[in-house]
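Listed below, chain by chain, are the residues.
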Amino acid sequence: MIVSAILLAGLYATMSYGLALIYGVMKIVNLAHAGVMMWAAYVAFILIVHLGANPFLVPILIAPVFFVFGVLLQRYVVQRVMGAPPISSLLLLFGVWLIMQNISYLVFSGDTKAVTTKYTLMTFQISGISISINRLVVFIVGVLALVVLRQFLGHTYMGKAIRATAQDKEASKLAGINTERVMETAFGIGTALASLAGSLMALIFAFDPDFGRSHLLKGFCIVVLGGLESMIGVALGALVLALAEALSVLWLMPALQDFVSFALLVIVLIVMPGGMKELVDRLIRP
Amino acid sequence: MLDVKNIHVSYGDAQALWDVSLAVSRDEIITLVGSNGSGKSTTLKAISGLVPLSSGEIRFEKTRIDRLHAYRIVEMGIAHVPEGRRLWPGLSVRENLELGAYIRTARNVKKETMEWVFKLFPRLEERISQLAGTLSGGEQQMLAIGRGLLSKPKLLILDEPSLGLAPLLVDEVLETIQKINRQGVTILLIEQNVTRALSLSTRCYVLELGRIVLSGTGQDLLADERVKAAYLGL
């Protein structure tokens, strides 16, 4: 159970880092993140179930398509509300999410879908622990994406420009950085991460057009826990949430699992609004 | 080189600049002086494209640059070191400098430019892997100027480079600015310390309440008792 929680944490981290990246660079909360996850799940469903594509390659192959979708969404839609009060972008992206949901209801109906492949039920044993191959590969792909992204942010001009723009946008403009291009790229990467998470989740969970809602909330919780700046923080936040959820089953009804992330979010915001970074700081310098 | 003609700038309903005109020729050091809120910083931000004009025009080497994106203005050869340094605190000294050379023409000569900057500010080389946020105030100012230089500017704009520095460091920074100027970079600068500013610059403009009220060489202004009393607070 603990192992499966850790495997799930990798997926949570992929999803949450997309949110954190977009918020970090643009200071907007991307509610359409859930819509992207849901669409990616349907695209994966079509490619895998109807067209027989390899389930583990599909998430990687569709991510670039969603990157382009994110860039276009930023350039032609979100860009219009940059600099406006936060409520504008919140409402706008909520609207985008609703549109995406309703398109899915029209096209796919509200039925629950699931992607079952030959890997779905396959497991292997290590020292008495049985591990689902499906979940292991999903974990590896998710974590690999974050490792690649970390290299990109640390070692390329565009990656550094993204970090610089997140820290001080005006200074970045003065350094000759085209911050609009940077924001488009960041939104694209965030969207690609959401699609990656969504299509990977489709391999594990059943979904419908409302898919992504509870995950979005978990994403917020993880980002608050882990802090917005660091990928490691987000990864730890994802781990804490995944473990809390897994362990809560011991005391709570499974139906109340989503309650855990809500409760954790509220508790963290009240007790230590700085997230785990604050906790670590306190432990080092009491 | 730089021609600012009759510009007006407003922030919402509040007008910040009225009919400001100034000219900078190659190899000059021009200072803007004036009290807080007189529009010095706004003038610089208008030049580097951070605030839009409501009327007037700005030309750099004969090309109109108002209405260009800020990053395009950097590409034309104007680097603006903003007030308060505005480094990226979570990036290392090296990364701050590297991103200073973000524009394409600067990337190709990054290595040489960086060596030049290290010759001007040897301290930066010692601190190369440190995060910019952990530097002292003086070092941060050096880094901010260094970052500006890495774009290989023809015109370097400096907004109060001596703000918050110890007197000894102020001299050091101002001397370095003169040295940079002698190596062929034109300078436009805001300096609070009026006596120092006037003695190091070729010409100087005095702003008051968003208008230019006086201009001339440093010696002229310093010699004018009326000017000293009314505008320079000496």
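This one's a predicted model, so the numbers in the text were calculated from it and none came from an experiment. (Residues numbered from 1 in each chain as written. Chains lettered and ligands numbered in written order. Predicted model: local features only at pLDDT ≥ 70, side-chain atom pairs only at ≥ 80, totals over all residues.)

1. Side note on the pairing of strand 6 (residues 78-81) of chain B
Along any regular strand, the residues point their side chains to alternate faces of the sheet.
Residues and elements named next belong to chain B.
Phase 1 of the analysis: Burial along strand 6 is two-sided: Ile-78 and His-80 facing one way and Ala-79 and Val-81 facing the other are all buried.
Phase 2 of the analysis: In this sheet, strand 7 (residues 155-159) lies alongside strand 6 in parallel orientation, the contact comprising four bridges. Opposite Val-81, over in strand 7, you have Leu-158 as the bridge partner. (Buried ≥ 20, exposed ≤ 12 C-beta atoms within 10 Å, placed from the backbone. Helix = DSSP H or I, 4+ residues; strand = E, 2+ residues; numbered from the N terminus. Pairing = 2+ DSSP bridges.)

2. Section: the pairing of strand 2 (residues 129-132) of chain A
Phase 1 of the analysis: As defined by bridge partners, strand 1 (residues 123-126) of chain A adjoins strand 2 of chain A across four bridges and the pair is classed as antiparallel. For A:Thr123, the partnering residue across the bridge sits in strand 2 of chain A and is A:Ser132.

3. What to know about the packing of helix 9 (residues 213-226) of chain A against helix 10 (residues 231-248) of chain A
All names here are of chain A.
Phase 1 of the analysis: Their axes nearest at 7 Å, the elements helix 9 and helix 10 cross at an angle of 120 degrees. Classified by the interaxial angle, the pair formed by helix 9 and helix 10 is oblique. Here helix 9 and helix 10 pass one another in a crossing that is right-handed. Across the interface between the two elements, Lys-218, Cys-221, Ile-222, Val-223, Leu-225 and Gly-226 from helix 9 touch Gly-233, Val-234, Leu-236, Gly-237, Ala-238, Val-240 and Leu-241 from helix 10. (Axes fitted to C-alpha atoms, helices over the stretch in contact; angles between N-to-C directions. Parallel < 35°, antiparallel > 145°, perpendicular 65-115°, else oblique. Left-handed = near helix turned anticlockwise from the far one by under 90°. Contact = placed C-beta atoms within 7 Å.)

4. Here we look at the interface of chain A and chain B
Phase 1 of the analysis: Contacts between the two partners involve 16 residues from chain A, matched on the other side by 22 residues from chain B.
Phase 2 of the analysis: Those elements that place two or more of their residues in the side of chain A that touches chain B are helix 6 (157-167) and helix 7 (169-174) of chain A.
Phase 3 of the analysis: Broken down by element, the side of chain A that touches chain B gets its largest block of residues, six residues, from helix 6 of chain A.

5. Comments concerning the sheet that holds strand 1 (residues 2-11) of chain B
All names here are of chain B.
Phase 1 of the analysis: Reading across from one edge, 2-1-4-5 is the order of the four strands in this open sheet, with antiparallel pairing throughout. A single partner strand is all that each edge strand has here, and the edge strands are strand 2 (14-24) and strand 5 (63-64).
Phase 2 of the analysis: The pairing of strand 1 with strand 4 (residues 55-60) spans five bridges and is antiparallel. When the sheet's bridge partners are listed, Val-4 is paired in strand 4 with Ile-58.
Phase 3 of the analysis: Contacting strand 1, strand 2 and strand 4, helix 1 (residues 40-47) crosses the sheet at an angle of about 70 degrees to strand 2.

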